[in-house]
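Listed below are the residues making up each chain.
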Amino acid sequence: MWMNNVAFKKEFNVDTILEDFVFEEREPFLEAYPQGYHKCDKLGRPVYIQLLGKVNVEAMKKVTTEDRMIKFHIQEYERCRKVILPVCSKLAGRNIDQTFGIMDVKGVGLSHFTGEVKRLLGLITKYDQDNYPEMLGHICVINAPWVFRMIWAVVRCYLDPRTQSKIEILDSNYLPALLKWVDKESLPEWLGGSSHGTLIEDIGPWSNGRLMATLGLKVEDHASSKVSFCRKFAASVGSWKSWNVRHAPFVAFLSYIYHAASVYFSNAHEFVMCALSTFCFTNRACHGPMAAKGSSAQ
């Protein structure tokens, strides 16, 4: 897993992706696949929202390529890790290292889960779980149809309690449950809250330059990865002068041992995507051409 992570960073130039990669097609892409951050939850975690029912695969193909889409996805993870989470931590006065997710599956059907889409989602999910483990603190799947909720009721007993506690499946009456996690003032209007703005606008303290200056933070300070992880880690436990080059591999090795161990924790986002695929397959079997009216399959 260590070698795979090293290869992943090399393949996508992860250490400098915030500075080197520019996603000019960001706005039309987010119109085709609505997703993004919008303020924070009650625990100070950034809220990440995905509107899967509004995904337009054909429009995505017209505005970007698969390679650039994946690079943008990785860049957003790096921005969260190096910019958004440090800002949230500074505001909360404690370490914030996870996000809160809202996944709206209203309107999700077979057209959204073609073989190509499932392959791409599987690839992205693998990148996430292998290289950014445990960044999702909790996720609310809203507007979930009854079949999806039935699947969840069956399979949840096979998941460890920690993963179960991270996933919340809600129907169309989701607002009371969401408000337990997110203040109404931080929830977008189109989800029942009172906060203005779209996902394209990326609304949150990390986008407020004046607030960032007040907090003594600079985006470029967090975005820059010119300083190696080993030097930063050493600086946190003692003077860099007390370390020499021979210590660097050892410190890096310890960090990767922790990273590799953390990968074994269950990934809530991966489960949700698998459940969505299962729901779509079940929906096709029960209501599609395979199911004749009045048949046992129906």
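Here's what I pulled together on the structure shown here.

Cut-off values and rules
- Residues numbered from 1 in each chain as written.
- Predicted model: local features only at pLDDT ≥ 70, side-chain atom pairs only at ≥ 80, totals over all residues.
- Heavy atoms only, no water.
- Helix = DSSP H or I, 4+ residues; strand = E, 2+ residues; numbered from the N terminus.
- Buried < 20%, exposed > 50% of the residue type's maximum accessible area, 1.4 Å probe, protein only.
- Contact = heavy atoms within 4.5 Å.
- Areas by Shrake-Rupley, 256 points an atom, 1.4 Å probe, with all protein chains shown as cover.
- Pairing = 2+ DSSP bridges.
- Axes fitted to C-alpha atoms, helices over the stretch in contact; angles between N-to-C directions.
- Patch = residues over 30% accessible without salt bridge, like charges linked within 9 Å, V, L, I, M, F, W, Y side chains within 5 Å.
- Salt bridge = Lys/Arg side-chain N within 4 Å of Asp/Glu carboxyl O.
- Core = buried A, V, L, I, M, F, W, Y, C linked by side-chain atoms within 4.5 Å.
- Parallel < 35°, antiparallel > 145°, perpendicular 65-115°, else oblique.
- Left-handed = near helix turned anticlockwise from the far one by under 90°.
- Nonpolar A, V, L, I, M, F, W, Y, C, P; charged D, E, K, R; others polar.

### Observations concerning the overall build of the protein chain
Thought 1: Counting its secondary structure elements, the protein chain contains 14 helices and 5 strands.
Thought 2: When burial is assessed residue by residue, the protein chain has 46% of its 298 residues classed as buried.
Thought 3: For the protein chain, the proportion of contacts with a sequence separation of at least 24, taken over those separated by at least 6, is 77%.
Thought 4: Here the protein chain has roughly 16,100 Å² of accessible surface; of this, 58% comes from carbon and sulfur atoms.

### Considerations on unusual backbone geometry
Thought 1: Look at Asn143: it is not a glycine, yet its phi comes out positive at around 60°.
Thought 2: Within the fold, Asn143 resides in the loop between strand S4 (136-142) and helix H7 (146-155).

### Details of the sheet that holds strand S1 (residues 35-40)
Thought 1: The strand order across the open sheet built from 5 strands is S1-S2-S3-S4-S5, with neighbouring strands paired in mixed fashion. Two strands lie at the open edges of the sheet, namely S1 and strand S5 (167-169), each paired on one side alone. Direction aside, the axes of adjacent strands within the sheet are offset by 20° on average.
Thought 2: As paired strands, strand S2 (residues 46-51) and strand S3 (residues 99-104) are joined by 5 bridges and run parallel to one another.

### A closer look at a nonpolar patch on the surface
Thought 1: A surface patch of nonpolar side chains, about 520 Å² in accessible area, is lined by Trp146, Met150, Val154 and Tyr158.
Thought 2: Checked against the element boundaries, Val154 lands in helix H7.

### With respect to the pairing of S1
Thought 1: Within S1, 5 of the 6 residues are buried, leaving the element largely enclosed by the surrounding structure.
Thought 2: In the sheet, S1 pairs with S2 via 4 bridges, with the strands oriented antiparallel. Residue pairing in the sheet places Cys40 in a bridge with Pro46 of S2.
Thought 3: Once S1 ends, the chain turns through 5 residues before running back antiparallel as S2, passing Gly44 with a positive phi of about 90°.

### Notes on the nonpolar core
Thought 1: One finds Phe29 and Ile74 to be the most contacted residues of the largest nonpolar core, which totals 47 residues.
Thought 2: Here this core gets 9 residues from one element, more than from any other, and that element is helix H5 (residues 66-92).
Thought 3: Apart from the residues within four sequence positions on either side, Phe29 is in contact with Phe23, Gln35, Met60, Val63, Thr64, Met69 and Phe72.
Thought 4: Counting residues in each nonpolar core, the second largest holds 15 residues, with Ile49, Ile102, Ala177 and Leu178 among its members.

### Observations concerning the pairing of S2
Thought 1: Buried residues dominate S2, accounting for 6 of its 6 residues.
Thought 2: Residue alternation in S2 divides its side chains into two sets, Pro46, Tyr48 and Gln50 and Val47, Ile49 and Leu51, and both sets are buried.

### Structural notes on the pattern of salt bridges
Thought 1: By the definition in use, this model includes 13 salt bridges.
Thought 2: A salt bridge links Lys71 to Asp67; the shortest N-O distance between them is 3.8 Å. Here Asp67 and Lys71 lie together in helix H5, a separation of 4 residues that amounts to about one turn.
Thought 3: Classification of Lys71 by relative accessible area gives partly exposed; the value is 23%.
Thought 4: Of the charged contacts in the structure, one is a salt bridge between Arg79 and Glu76, with a shortest N-O distance of 3.0 Å. You can see Arg79 and its partner Glu76 sitting in helix H5, 3 residues apart, about one turn around the helix.
Thought 5: For Glu76, a relative accessible area of 14% corresponds to the buried category.
Thought 6: Linked by salt bridges that have partners in common, Glu24, Glu25 and Arg68 make up one network.

### So, the packing of H5 against helix H6 (residues 115-131)
Thought 1: Close contact between H5 and H6 brings their axes to 11 Å; oriented N to C, the two are set at 30°. Here H6 runs roughly parallel to H5, going by the angle between their axes. The hand of the H5/H6 crossing is right-handed. On H6, the residues touching Glu66, Met69, Ile70, His73 and Tyr77 of H5 are Arg119, Leu120, Leu123, Ile124, Tyr127 and Asp128.
Thought 2: The class makeup of the residues in the contact of H5 with H6 is 7 nonpolar, 1 polar and 3 charged.

Note that every value here comes from positions in space, so none of it alone points to a role or purpose.
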